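The lines below spell out each chain.
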There are 2 protein chains.
Amino acid sequence: MKTMKRVKTVATRLSDFGKWYTDICLKAELIAYSEAKGFIIYLPYGYALWENIQKHLNCTLQKTGHQNVYFPLVFPEKLFHKEKEHIQGFSPEAAMITTTGKKNLSEKLVIRPTSEILFSQYYSKTITSYRDLPKLYNQWCNVVRWEKTTKPFLRGKEFLWQEGHTVHATEQEAMQQTLSILDIYQKLGKDLLALPFVCGKKTETEKFAGALITYSIEALMHDGQALQAGTSHYLGIIFAKSFQIQFQDCDNQKKYAHQTSWGVSTRLIGALIMVHSDDEGLVLPPYVAPMQIVIIPLQTQDESVKQVSENLFSILQKNYRVHLDLQDKTAGWKFSQYELKGVPLRIEIGKRGLENDEVTIFQRYNFAKQNIKIKDFPSQIPQLFETMHNNMYQKALQHLEQNRKQATTYEEFKTYLKQGGYVAMSISGTDAELQIKQETGATARVILETNLITANCPVTNKKALQTVLFARAY
Amino acid sequence: MKTMKRVKTVATRLSDFGKWYTDICLKAELIAYSEAKGFIIYLPYGYALWENIQKHLNCTLQKTGHQNVYFPLVFPEKLFHKEKEHIQGFSPEAAMITTTGKKNLSEKLVIRPTSEILFSQYYSKTITSYRDLPKLYNQWCNVVRWEKTTKPFLRGKEFLWQEGHTVHATEQEAMQQTLSILDIYQKLGKDLLALPFVCGKKTETEKFAGALITYSIEALMHDGQALQAGTSHYLGIIFAKSFQIQFQDCDNQKKYAHQTSWGVSTRLIGALIMVHSDDEGLVLPPYVAPMQIVIIPLQTQDESVKQVSENLFSILQKNYRVHLDLQDKTAGWKFSQYELKGVPLRIEIGKRGLENDEVTIFQRYNFAKQNIKIKDFPSQIPQLFETMHNNMYQKALQHLEQNRKQATTYEEFKTYLKQGGYVAMSISGTDAELQIKQETGATARVILETNLITANCPVTNKKALQTVLFARAY
């Protein structure tokens with residue numbers, strides 16, 4: 001549909017994927033850098049994406065009986081030591097408050113890198129009976145992790161997320177919760193973000209510090225690198241033992257409670273950008289877009305054009321996030337602005353078209369332009385959006401499937417890996433996984449629930465025990 | 001309407017107002033204490049109040065063109081020194097990150113006690129022309145201030161709030177913004193929280209560190225103490241000068257930008273409790289209540305009672321936040337539970353009433369009970385809620401007006417002050433204000449825009465220059 005690159009200020013994906021990505025983040029005004037290295041500013045357009053994700057997920061979590069809470073930003077350092085695996089995983093990157101303007105604190109306070117400790121401590125003090133269960137708490141908050149290298153949305157010293165922390169009477173119920181959240185995340189990707197995920201268990205080396213099992217949703221970026229976009233952990237009774245979360249069950253026995261924790265973060269926005277966008281800038285699927293439709297009058301000085309534009313605006317406003325651009329700037333300038341910003345649907349209203357009662361609509365994701373009777377237009381939007389959304393999802397799914405291979409030899413594995421995307425291989429275990437990571441930079445994304453590809457592990461030549469999907473990842 | 005205290009676990013206001021307040025916070029399950037002193041946990045019922053405040057205010061701020069953003073939790077200490085008055089006000093209570101798990105930071109990071117510095121720094125880098133103005137940014141976030149004495153919702157080391165930070169081309173426009181936000185806050189109190197506020201300018205000693213003028217909304221608690229419930233600051237060009245926020249105006253002149261900042265916090269929940277609640281526990285006005293209606297079947301085992309209850313529930317659910325309590329507990333136990341939790345409207349459904357197609361409704365705020373035809377009930381709720389809300393507002397307003405006096409002598413001032421509430425007095429200035437504070441504990445709440453009460457200041461005997469409303473305050 002198009003040949004010439006209109007938005008000159010954005011690098012192309014092929015020439016420099018990293019620069020292309022940050023160009024979009026900055027020039028589509030999603031974020032700005034702050035004075036504190038690794039901390040970003042979420043500008044209105046970027047934050048609106050997060051708010052739309054919040055609304056959608058909150059709505060789902062309300063139906064499933066989850067309750068929003070807010071736990072403190074900090075906890076005393078001594079609590080950190082209660083769960084050994086957890087502290088090993090998180091203490092290296094934990095920021096601490098040690099002083100106020102006036103004096104040093106007697107005990108360091110850890111800024112939450114995640115809140116298992118805070119919730120477990122609370123649960124240990126309040127849960128006494130099976131009647132208190134389940135607890136289905138969720139919070140939306142900021143967390144801090146001292147990451148060395150940072151990238152907008154994908155990895156920052158501070159990020160925004162939701163973290164669910166639930167407690168159950170039985171292992172079965174907790175396991176069910178863990179998996180149902182995975183479903184909810186997958187549906188969030190499919191229904192709102194047009195993002196297909198590969199879902200599965202993490203290997204022992206990649207699982208959450210303090211979890212028995214970690215499930216993950218993994219997205220494949222345009223450059224062939226994977227991105228962990230969310231996780232759902234079955235914690236078993238690990239924290240329950242460390243924090244003494246015990247309850248009297250209906251059989252009068254004292255038992256440890258079973259926990260889960262799970263989260264998605266502003267990383268989802270990074271995935272959204274890296275999967276859908278193109279060399280002209282951001283491409284947003286319609287349901288999450290902060291601005292779903294932009295109306296551009298081609299002659300802003302023409303009264304009838306203006307009138308029609310304003311009428312259409314006031315009709316669409318009732319059901320859509322729509323913007324009418326009456327600025328005194330050229331239509332061409334506006335076109336490239338809104339293309340850069342990924343507005344899904346553009347309506348061009350001009351004198352010539354109006355002679356036939358027509359307007360021109362332009363779809364950002366496929367650059368399709370068509371003339372359409374203005375009176376027919378509003379009723380066609382739902383179908384237009386649905387098709388657009390489905391096509392974007394299918395395109396991303398196709399990309400994922402085309403870049404998902406399986407290797408029977410280590411050489412083949414390396415060849416596929418160079419081409420980008422996922423490579424499945426049946427391996428013997430952690431030894432093979434670590435060797436692969438060291439030699440190729442690829443990490444185990446998820447364990448596949450499929451038959452073994454080869455009887456022996458191509459890396460160690462030992463008996464293969466599981467099939468793992470590998471990729472280089474953000 | 002009632003004589004016996006039903007909820008035994010809550011102290012009475014008269015016997016111990018402080019304990020009564022924390023009893024309600026804890027026993028109505030609004031909050032819990034955390035392991036870090038001064039940091040509280042917002043439990044589902046308490047957090048839902050905050051979410052309802054957020055929804056209401058977000059809706060208003062969207063209509064006025066404000067945009068939500070999210071700025072970082074921290075800023076480098078050096079930025080703190082850019083604005084001298086501001087740092088003097090905030091540095092004593094600023095918490096700082098100095099270390100991570102691995103190593104000490106080369107520069108301390110200040111955790112935002114408020115974000116004028118972060119926004120001003122950003123604005124200084126991005127605003128260049130009058131075309132960039134106004135900027136109408138708002139954020140919902142947590143802030144940290146190292147308060148010595150803390151009280152749930154009213155004063156904590158961490159609290160949740162919204163902070164608006166706007167930039168304008170002219171003084172007039174910024175001033176208008178400052179005042180229109182004050183209106184919005186007043187309306188939030190009146191329409192959602194049934195809280196009347198006294199509004200006005202703060203004195204020089206009480207204004208925000210770094211503001212030219214601070215306006216405040218002040219609520220009067222049941223015990224006669226005042227509470228600053230929100231502020232709107234006109235910053236003038238103070239931060240613009242410190243941070244070099246300059247723009248090219250339409251007349252081609254380079255000018256400093258005019259700023260405002262304003263915020264309301266979880267303090268509003270404290271005010272809500274302290275104004276409306278009674279010795280039986282929490283009393284919530286209907287529009288902000290997380291649970292607006294509770295349906296209690298008097299015979300949970302009776303099929304027809306259960307059926308009617310469930311039908312009513314499914315009808316009401318469409319328009320209200322309603323809960324059906326089918327627990328196997330006595331009706332009396334349930335009554336006191338929901339009274340403690342301040343649920344505005346209770347519906348009792350029992351066999352005897354159903355013989356006449358009647359249910360009993362109970363209004364929490366005035367303990368009024370009445371029988372009502374079940375088929376008439378749903379259509380009457382809007383009127384019921386409106387009356388309830390207005391009566392609660394009027395009662396609070398009456399309390400405010402009855403406890404607002406004016407003094408012509410310092411002795412009279414002290415006498416009134418002991419009775420609780422506000423006392424207006426015309427004073428000479430800061431000298432009188434500080435003497436009053438030292439001798440009586442009362443602080444200047446707002447400057448009144450009225451005629452002088454006395455020509456001379458009763459405290460200093462100098463010429464009176466302004467009339468100030470004083471009170472002891474939280």
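About the thresholds
- All residue numbers refer to positions counted from 1 along the written sequence of the respective chain.
- For this description, chains carry letters from A and ligands carry numbers from 1, given in the order in which they are written.
- Totals for whole chains, interfaces and linings use every residue, but because this is a predicted model, local features are given only for residues with pLDDT of at least 70 and side-chain atom pairs only at 80 or more, for both listing and counting.
- Excluded from the side-chain calculation are hydrogens and water; included are all heavy atoms of the structure.
- Strands here mean DSSP runs of E at least two residues long; helices mean DSSP runs of H or I at least four residues long; both are numbered from the N terminus.
- For a compact globule the rule gives 2.2 Å times the number of residues to the power 0.38, and the radius of gyration it is set against comes from C-alpha atoms.
- Classification of residues uses two cut-offs on accessible area relative to the type maximum, computed with a 1.4 Å probe and protein chains only: under 20% is buried, over 50% is exposed, and between them is partly exposed.
- The contact criterion used throughout is that any non-hydrogen atoms of two residues lie within 4.5 Å.
- All accessibility values rest on the Shrake-Rupley procedure with a 1.4 Å probe; residue burial counts only the protein chains present in the view.
- Asp and Glu count as negative and Lys and Arg as positive, but His and the ends of the chain are not part of the count.
- For charged residues, the charge sits on one atom: NZ in Lys, CZ in Arg, CG in Asp, CD in Glu.
- In what follows, salt bridge is the name for a side-chain nitrogen of Lys or Arg lying within 4 Å of a carboxyl oxygen of Asp or Glu.
- The rule for pairing is simple: two strands pair if DSSP sees at least two bridges between them.
- A right-handed crossover is one whose linking path, passing over the helix from the first strand to the second, runs clockwise when the strands point away from the viewer.
- Here an angle of 0 to 180 degrees is reported between the N-to-C directions of two axes, which are lines fitted to C-alpha atoms, with helices fitted over the stretch in contact.
- Our angle categories are set so that under 35 degrees counts as roughly parallel, over 145 as roughly antiparallel, 65 to 115 as roughly perpendicular, and the remainder as oblique.
- When the near helix sits turned anticlockwise from the far one by under a right angle, the crossing is termed left-handed; a clockwise turn instead gives a right-handed crossing.
- Gly is placed with the polar residues, together with every amino acid not listed as nonpolar (Ala, Val, Leu, Ile, Met, Phe, Trp, Tyr, Cys and Pro) or charged (Asp, Glu, Lys and Arg).
- By convention, a stacked pair of Phe, Tyr or Trp rings (six-membered ring in the case of Trp) has centres within 6.5 Å and planes under 30 degrees apart, an edge-to-face pair has planes over 60 apart, and any other such pair is tilted.
- A ring is considered to have a charge above it if a Lys NZ or an Arg CZ atom is located within 6 Å of its centre and within 35 degrees of its normal.
- The superposition of copies rests on a least-squares fit of C-alpha positions from residues with pLDDT of 70 or more in both.
- For each domain, the first and last residues come from an automatic or database assignment.
- Put simply, buried area is how much 1.4 Å-probe accessible surface two parts lose in total, over both of them, once they are put together.
- Polar contacts, as counted here, are pairs of nitrogen or oxygen atoms within 3.5 Å of one another; within protein the pair requires one atom able to donate a hydrogen and one able to accept it, and residues that are adjacent in sequence qualify only if both atoms are side-chain atoms.

*Asks:* Explain the overall build of chain A here, please?
*Replies:* Looking only at helices and strands, one finds 14 helices and 23 strands in chain A. The globule rule puts the C-alpha radius of gyration for 474 residues at 23 Å, and the 25 Å found for chain A is close to it. The 474 residues of chain A split such that 60% are buried. Within chain A, contacts between residues at least 6 apart in sequence are counted, and of these 68% link residues at least 24 apart. Surface exposure of chain A reaches about 19,500 Å², of which carbon and sulfur atoms provide 48%. Distance from the positive charge centre (57 side chains) to the negative charge centre (47 side chains) of chain A: 3 Å.

*Asks:* Looking at this model, I keep getting lost on the pattern of salt bridges. Mind explaining?
*Replies:* Think of it this way: side chains of opposite charge can pair up when their charged atoms draw near. Going through the model one piece at a time under the given rule, you end up with 44 salt bridges over all chains. Put simply, Glu218(B) and Lys202(B) hold a salt bridge, and the shortest N to O gap is 2.7 Å. Taken as a pair, Glu218(B) in strand β10 (residues 213-220) and Lys202(B) in the loop between β9 (198-201) and β10 lie far apart in primary sequence, 16 residues in all. Accessibility assignment for this pair places Glu218(B) and Lys202(B) in one class, buried. When salt bridges that share partners are traced, they join Glu339(A), Arg346(A), Glu348(A) and Lys369(A) into one network.

*Asks:* Looking at this structure, how should I read the pairing of strand β21 (residues 422-427) of chain B?
*Replies:* Working note: regular strand, side chains alternate between the two faces of the sheet. Residues and elements named next belong to chain B. Burial within β21 is extensive, with six of its six residues counted as buried. On β21, burial covers both faces: Tyr422, Ala424 and Ser426 on one face and Val423, Met425 and Ile427 on the other are all buried. Pairing analysis gives three bridges linking strand β20 (residues 404-406) to β21, with the strands arranged parallel. Residue pairing across strands places Lys405 opposite Val423, the latter belonging to β21. With helix α13 (residues 410-419) bridging β20 and the parallel β21, this β-α-β connection has right-handed handedness. Sheet analysis places β21 next to strand β23 (residues 466-471), joined by five bridges and oriented antiparallel. Residue Met425 lies in a different strand from β23, and its bridge partner there is Val468.

*Asks:* Can you help me understand the packing of helix α2 (residues 44-63) of chain A against helix α6 (residues 171-193) of chain A in this one?
*Replies:* For any two helices packed against each other, one specifies the crossing angle of their axes together with the interaxial distance. Residues and elements named next belong to chain A. Packing of α2 against α6 brings their axes to within 11 Å, and their N-to-C directions diverge by 135 degrees. Taken together, the axes of α2 and α6 are oblique relative to one another. Crossing of α2 against α6: the hand is right-handed. Contacts between α2 and α6 involve Asn52, Ile53, His56, Leu57, Thr60 and Leu61 on the former and, on the latter, Ile181, Ile184, Tyr185, Leu188, Asp191, Leu192 and Leu193. In the contact of α2 with α6, the residues fall into nine nonpolar, three polar and one charged.

*Asks:* For this particular structure, what's the right way to read the packing of aromatic side chains?
*Replies:* Note on aromatic pairs: each is described by the distance of the centres and the angle between the planes. Counted according to the given criterion, the structure contains 38 aromatic pairs over all chains. Feature note: the residues Phe71(A), Phe119(A), Tyr122(A), Tyr123(A) and Tyr137(A) constitute an aromatic cluster, connected by ring pairs. Sitting above the plane of the Tyr45(A) ring, Lys341(A) keeps its charged end 4.5 Å from the centroid. The ring of Phe362(B) carries the charged tip of Arg346(B) above its face, separated from the ring centre by 4.0 Å.

*Asks:* Looking at this model, I keep getting lost on the relation of the copies chain B and chain A. Mind explaining?
*Replies:* For the pair of chain copies, the relating operation is a rotation around an axis with a shift along it. Superposing chain B onto chain A takes a rotation of 180 degrees combined with a translation of 0.0 Å along the rotation axis, leaving an RMSD of 0.0 Å. With respect to symmetry, the two chain copies, as superposed, fit the operation of a two-fold axis. Closest approach to the rotation axis among the C-alpha atoms of chain B is made by Ile97(B), whose C-alpha sits 2.2 Å away. Both copies present the same face, since 100% of the interface residues in chain B are matched by interface residues at the equivalent positions in chain A.

*Asks:* Just to check I follow, could you spell out the domain arrangement of chain A for this structure?
*Replies:* Many structure descriptions define interface size as the accessible area lost when the parts assemble. All names here are of chain A. What the domain assignment reports for chain A is domain 1 (17-276), domain 2 (293-381) and domain 3 (405-472). A straight line from the C-alpha centre of domain 1 to that of domain 2 covers 40 Å. Across the boundary between the two partners, domain 1 contributes five residues, which contact five residues of domain 2. Contact between domain 1 and domain 2 buries roughly 440 Å² in total, counting both sides, with carbon and sulfur atoms accounting for 51%. Of all residues in domain 1, Ala28, Tyr45 and Asn52 give up the largest surface area on contact with domain 2, accounting jointly for 67% of the area buried on that side. Where domain 1 packs against domain 2, one counts one salt bridge. Taken together, the connections running from domain 1 to domain 2 amount to two residue pairs in polar contact (both at pLDDT 80 or more).

*Asks:* Help me understand the environment of Tyr42(A) in this model?
*Replies:* All names here are of chain A. Within the fold, Tyr42 resides in strand β2 (residues 40-42). Accessibility expressed as a relative area gives 2% for Tyr42, which makes it buried. It is 4.7 Å that separates the C-alpha atoms of Tyr42 and Ile31, two residues lying eleven residues apart in sequence. A distance of 3.2 Å separates a polar atom in the side chain of Tyr42 from a polar atom in the side chain of Thr266.

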